[in-house]
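Chain by chain, the residues:
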Amino acid sequence: MQMVNRIDPNMPVGAYQTYSITAPRDAAVVAACEQVACPAWQFGWESKVDETTDLGKQQAAYIRQQSGRTFREQRTGDGLTVFRFEPHQRCFEEHRTRPEIYLVRDGDWRGNPTGRKRQHTRPADWVEDMTENQGRIVDLQQKG
């Protein structure tokens, strides 16, 4: 294992906070299109269905009657039905992503003397927490 070069801290371990984002290994969760930046969600998509087959008839019936999505449909010269779906609606794929853990704990690489840690449920809250902490540090530096 390679040794890590670190600058000696100026303050005791309890004067620091550590912000981290981790993802558990081998864990995946179902995610919404928007969370994974799905191109179909962002820009819309087309599904071409051949309604001369049993499968195509079932697919078209599902799209029209059960999908709950907004679309326009048109027939092509070669007998296909093209369904054009508007952007910003769930596509037909099941997306999976690795969950992220947004953690704030007291201390630094030397340890967590208080044992205190907080896990944010939303990335925006974690960013806000860190931004406020950085602001406090800047204020203290300016005061001297």
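Being a predicted model, the structure only gives us computed values, none of them experimental.

### Notes on unusual backbone geometry
If you check the backbone angles, Ala37 has positive phi at about 55° while not being a glycine. Here Ala37 lies in the loop between strand E2 (29–31) and helix H1 (39–43). Positioned with a positive phi, His88 is a non-glycine residue whose angle comes to about 70°. Taking the relative accessible area as the measure of exposure, His88 reaches 53% and is therefore exposed.

### Looking at the sheet that holds strand E8 (residues 117–120)
Hydrogen bonds between backbone groups are what pair the strands of a sheet, and the pairing can be parallel or antiparallel. One open sheet holds the 3 strands; their spatial order is E1-E7-E8, and the pairing between them is antiparallel. Two strands close off the open sheet at either side, each with one partner strand: strand E1 (17–22) and E8. On average, each strand axis in the sheet is inclined to that of its neighbour by 20°, with strand direction left out of account. The pairing of strand E7 (residues 101–106) with E8 spans 4 bridges and is antiparallel. Looking at the pairing, Arg105 lines up with Lys117 of E8.

### A word on the packing of aromatic side chains
The geometry of an aromatic ring pair is captured by the separation of the ring centres together with the interplanar angle, meaning the angle of the planes. Taken as a whole and assessed by the stated rule, the structure comprises 8 aromatic pairs. Geometrically, the ring pair formed by Phe71 and Phe85 is tilted, given 5.8 Å between the ring centres and 55° between the ring planes. One end of the pair, Phe71, is in strand E4 (residues 71–75); the other, Phe85, is in strand E5 (residues 80–85), and 14 residues separate them in sequence. Residue Phe71 is classed as partly exposed on the basis of its relative accessible area of 22%. A residue is classified by how much of its surface remains accessible, and Phe85, at 1% relative accessible area, is buried. A centroid spacing of 5.4 Å and a plane angle of 85° characterise the contact between Phe85 and Phe92, whose relative ring orientation is edge-to-face. Three or more aromatic residues joined by ring pairs form one cluster here, namely Trp45, Tyr62, Phe71, Phe83, Phe85 and Phe92.

### A word on the sheet that holds E5
Spatially, 3 strands are ordered E3-E5-E4 in an open sheet, and the strand pairing comes out antiparallel. Taken across any chain shown, the strands that pair with only one partner, and hence form the sheet edges, are strand E3 (45–50) and E4. Each neighbouring strand pair of the sheet contributes to a mean axis angle of 20°, computed without reference to strand direction. Direction of pairing for E3 relative to E5: antiparallel, over a ladder of 6 bridges. In the sheet register, Glu46 faces E5, and the bridge partner there is Arg84.

### A word on the pattern of salt bridges
The tally for this structure, following the rule as stated, stands at 9 salt bridges. Residues Arg96 and Glu94 are paired through a salt bridge, measuring 3.8 Å at the closest nitrogen-oxygen approach. Overall, the relative accessible area of 54% leaves Glu94 in the exposed class. Note that Asp129 and Arg118 form a salt bridge whose closest N and O atoms lie 2.6 Å from each other. Of the two residues, Asp129 is situated in helix H3 (residues 123–143) and Arg118 in strand E8; the sequence distance between them amounts to 11 residues. On the basis of relative accessibility, which here comes to 11%, the residue Asp129 falls in the buried class. Here the salt bridges do not stand alone but share partners, grouping Glu51, Arg64, Glu73 and Arg75 into one network.

Conventions adopted
Residues numbered from 1 in each chain as written. Predicted model: local features only at pLDDT ≥ 70, side-chain atom pairs only at ≥ 80, totals over all residues. Heavy atoms only, no water. Helix = DSSP H or I, 4+ residues; strand = E, 2+ residues; numbered from the N terminus. Buried < 20%, exposed > 50% of the residue type's maximum accessible area, 1.4 Å probe, protein only. Pairing = 2+ DSSP bridges. Axes fitted to C-alpha atoms, helices over the stretch in contact; angles between N-to-C directions. Phe/Tyr/Trp six-rings, centres within 6.5 Å; stacked < 30°, edge-to-face > 60°. Salt bridge = Lys/Arg side-chain N within 4 Å of Asp/Glu carboxyl O.

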